[in-house]
Structures are given as C-alpha cells and as structure tokens.
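Coordinates in review
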Amino acid sequence: MKPDPVKHDRAIAYRMGDKARPYLKRSKYRARDLMNCTVASFYERDADGLTPHQRSAKSNFIDLFNRQAERPIEELHSTDLRTTLTTLLEHLDEFFFFGSLTKGPHPLIKEFITAHFPEGIETLGRCTELENEGGPLSFRVEIELQRDHQPASLGDIINTLLHEMIHAFLSGFVCRCFSCRRNDSNATGSYLSGHGPIFRRMCHATMKCLAGWSTDLGSLLEQRNGKLYIPKACMEDETARLLGAQQRGELKEREMLPFKKNPGYNLLIWISETKAYIDVERLRSRVAKTSARVVDAPMDVSPKPVEEKDVQEEAVREESVEKEDVQEEAVQEEPGEEANPASVQNDARGEDTKPNQSSEEMTPDPPTITRYECTVIHGTFVIS
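What comes next is a walk through the structure.

1. Examining the overall build of the protein
Within the protein, the regular secondary structure consists of 12 helices and 10 strands. For the protein, the residues scored as buried account for 53% of the 384 residues in total. Element-wise, carbon and sulfur atoms account for 48% of the exposed surface of the protein, whose accessible area totals about 18200 Å².

2. Here's the deal with the environment of F98
Among the secondary structure elements, F98 is positioned in the loop between α4 (81-96) and β1 (109-115). By relative accessible area, which is 2% here, F98 ends up buried. Along the sequence, F98 and F42 sit 56 residues apart, while their C-alpha atoms lie 9.8 Å from each other. Sequence-distant contacts of F98, that is, excluding residues within four places in its chain, are made with I12, A13, Y14, R21, P22, L24, C37, T38, S41, D93 and F169.

3. Side note on the pairing of strand β3 (residues 139-144)
Burial runs high along β3: 5 of the 6 residues are buried. The sheet contact formed by β1 and β3 spans 6 bridges and is parallel. The residue of β3 that forms the bridge with A115 is E144. Here strand β2 (residues 125-129) runs beside β3; their pairing, made up of 5 bridges, is antiparallel. The residue bridging T128 from the neighbouring strand is R140, located in β3.

4. Considering the packing of aromatic side chains
Both the distance between ring centres and the angle between the ring planes are used here to describe each pair of aromatic rings. Here the structure, examined in full by the defined rule, presents 11 aromatic pairs. Ring plane angle 50 degrees and centroid distance 6.2 Å describe the contact between F42 and F95, whose orientation is recorded as tilted. Linking F42 in the loop between α1 (31-40) and α2 (52-69) with F95 in helix α4, this pair joins segments that are 53 residues apart in sequence. Across this residue pair, the class does not change: F42 and F95 are buried. Considering the side-chain rings of F96 and F97, the 6.1 Å spacing of their centres and the 55 degrees angle between planes classify their relative orientation as tilted.

5. Remarks on the pattern of salt bridges
Tallied over the full model, the rule gives 12 salt bridges. With its nearest N and O atoms 2.7 Å apart, the salt bridge here joins R241 to D237. On the criterion of helical spacing, the pair formed by R241 and D237 is a turn pair, its members being 4 residues apart in helix α9 (residues 232-247). The same class applies to R241 as to D237, namely buried.

6. A short note on the packing of α2 against helix α5 (residues 154-173)
For the pair α2 and α5, interaxial distance at closest approach is 10 Å and the crossing angle is 140 degrees. Here α5 runs oblique to α2, going by the angle between their axes. Note on element contacts: α5 touches α2 through L154, G155 and I158, opposite F61, F65, Q68 and A69. Class assignment for the residues of the contact of α2 with α5 results in 5 nonpolar, 2 polar and no charged.

Criteria and cut-off values
Residues numbered from 1 in each chain as written. Predicted model: local features only at pLDDT ≥ 70, side-chain atom pairs only at ≥ 80, totals over all residues. Heavy atoms only, no water. Helix = DSSP H or I, 4+ residues; strand = E, 2+ residues; numbered from the N terminus. Buried < 20%, exposed > 50% of the residue type's maximum accessible area, 1.4 Å probe, protein only. Areas by Shrake-Rupley, 256 points an atom, 1.4 Å probe, with all protein chains shown as cover. Contact = heavy atoms within 4.5 Å. Pairing = 2+ DSSP bridges. Phe/Tyr/Trp six-rings, centres within 6.5 Å; stacked < 30°, edge-to-face > 60°. Salt bridge = Lys/Arg side-chain N within 4 Å of Asp/Glu carboxyl O. Axes fitted to C-alpha atoms, helices over the stretch in contact; angles between N-to-C directions. Parallel < 35°, antiparallel > 145°, perpendicular 65-115°, else oblique. Nonpolar A, V, L, I, M, F, W, Y, C, P; charged D, E, K, R; others polar.

Printed below as a string of structure tokens:
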C-alpha cells in the first residue's frame, strides 16, 4: 500500500503579543508537532506570556470553579450543573486548545452530554466521533456525574472532562494519512484505547498546569492521577491492547510500525511509568522554528487541491522535521537532577528505577488492568 499524497500543515503556536484566536484544520497535523505547539502555548507561561483570551479564560475558570466547588455536592447537583460544566469546558478550551473545540461556526465538540451510564459500564466519560454525512468532523463528549453511585465532586468531573477534551482535540486534528496511521502505536494510540504516548504527554502537561490553578483541585488531580497526572489505568489499558493486537497479528496486517517501549531521553516531552520531564527551553525553541504563526492560519474550511509543487516543498520540510525528530529521539542520559530537577516528577509509589536506556523496539510487558478512565468511539468502531 502506498502512502497517501498528503501535505501536513505546520501546527500553530501562540507567540508573545498574539491576540487573535487561530483556526485549526481537521486531520492536518503530525501528532508530535501538534502536541509540541499546543503545550508550548500554555505550559509554564506567566500572565504576560499568555494571550488575552487565555488570561480571561483562566481567571473566569478559577472564579466559577471556586464558587461552585464550595457548595455542598448535593446542592451542586440539584442546580443546572450541565450549564456550569459547559461554561467551564469553554474556559478550558480557550486556555489549553486555542478555543478549537467549542468556538467558531463548526465546533469540534458538537454535543456535550452529562449522563449516568448504565450499571456495569466501567467508564467515566466517552468521546464519540459523530457521523456527519460529509460535514466537518465532530465529536460527542459524555461525562458521568456519579462516582461509586454517589454524586461526584466538581473536581472529579473536571478531571474527567479535561481528559475527554484531550481525546477530542487529538482525534480531531491529528492527521489520518497512511504514514501517520502506521505510527499510531507511538502517537495517539487511536487504533487501540486512545491513550498512546502523545496522549499521555498532553495529559501530563495540561493536568499539571490545571493543578496549579487551585490548591484543592490540584490535590484532587494528583490524588486521582498520581504525580505524573496520568491515570495509571490508561497506560495499562493501552499496553494490554497493544500486546493483544501484536499477538493477533493485527499490527502487521495493518502495516503498522513497531511500538517503541523506551524512546530516547532527548524528547522534548518525556514520559515513563514513573517520571515525566518537559524541557521547556528546548520546546519553545523548537516550536519557534517549526510552527505557523496565528496570523498565518486561514479561516476558510474549503479543501484546496494539493499541487505537485506543494508536495515537493512539504517533502523538504518533512525531511528537515524528521531529522530533528531523529535527534530528539536519540538516546541520551535519562532526565534527572542534572538536567532540570524542577521538571522531573516521581509518581506516588516513590519508585526511582532507572529505565533501560534503549530506543529498541520491544514487545510491551502484559499489565494487570484495574479500571478504564474512558471509552473512545471512532465512527462505528467502538473501543470499550
């Protein structure tokens, strides 16, 4: 099977002084480019480094969340909780995802539903790709309002909501061409549970940033997800599904590239089972060189034919980006106290085991499954 003739757009990132809100195109960006540019646009930025939209969204979220979280849980659930959550969703979208999920004439999240899932369904949220009969790609997000048959706290609901928003963002904007689908095991993991390496890195960056907005919310997010801010069950679920797909021969049948269990330690955003590291300085430098400016983002949604000149130019750019990717994945020393002690986080288990320093393609070890965080549904293909 030959690769699709596709031109990847340069992912968009905010720069100092930006005031406009960018327009992101569906299914047009390389997974790592999209992640790097998105994280660089909010992570460890002070107020002066944020856009006016982001500053307003953060302030409004904190104000509304604190007021609602102070109410007794029973009282909170007796009001129009869905309206409150919709507003909080919009603020989170504006801060973390460029407003791409809820703004504009064709929002990516078309339906937002608060629900009580039937007995026996072990899920806290769902992100479902809708069938739009030729219309723009869009999703339905459903959030469970109970935990253990009791009304959930607002913090617990926000924890799940942001999780599902990350699913929608990556599912909506990451390219689905043949080359990108081949590397899905090392990217979003959309073929399996949706909790691939790119998702987990995005989850760490967004959750850790959100945790700094409120002491109570931060404590809850760490309690639910560990100090990595990534639910352990997500990693276990993705690994188990990957192992099963390998054993059944599905990955070979789909011509997918092998899973890299231990990627190099030179990654800009590096995650293991026990540690996380974001090299903020290198991340911003890389994004400054490779991203598109907000003013360069076209507002039309009509697809344009791909010309041979565009394909050749994109091939040159892709080759340059891939060379930087190779350097980024090169095996170096593990991030640790020598590199940036403030950026390395150990999980609640306190493990400090040095990983095997190898980018060798390996078969994952079978885990013990605990509980799934969510269900991702792509069209008629259901992962549950």
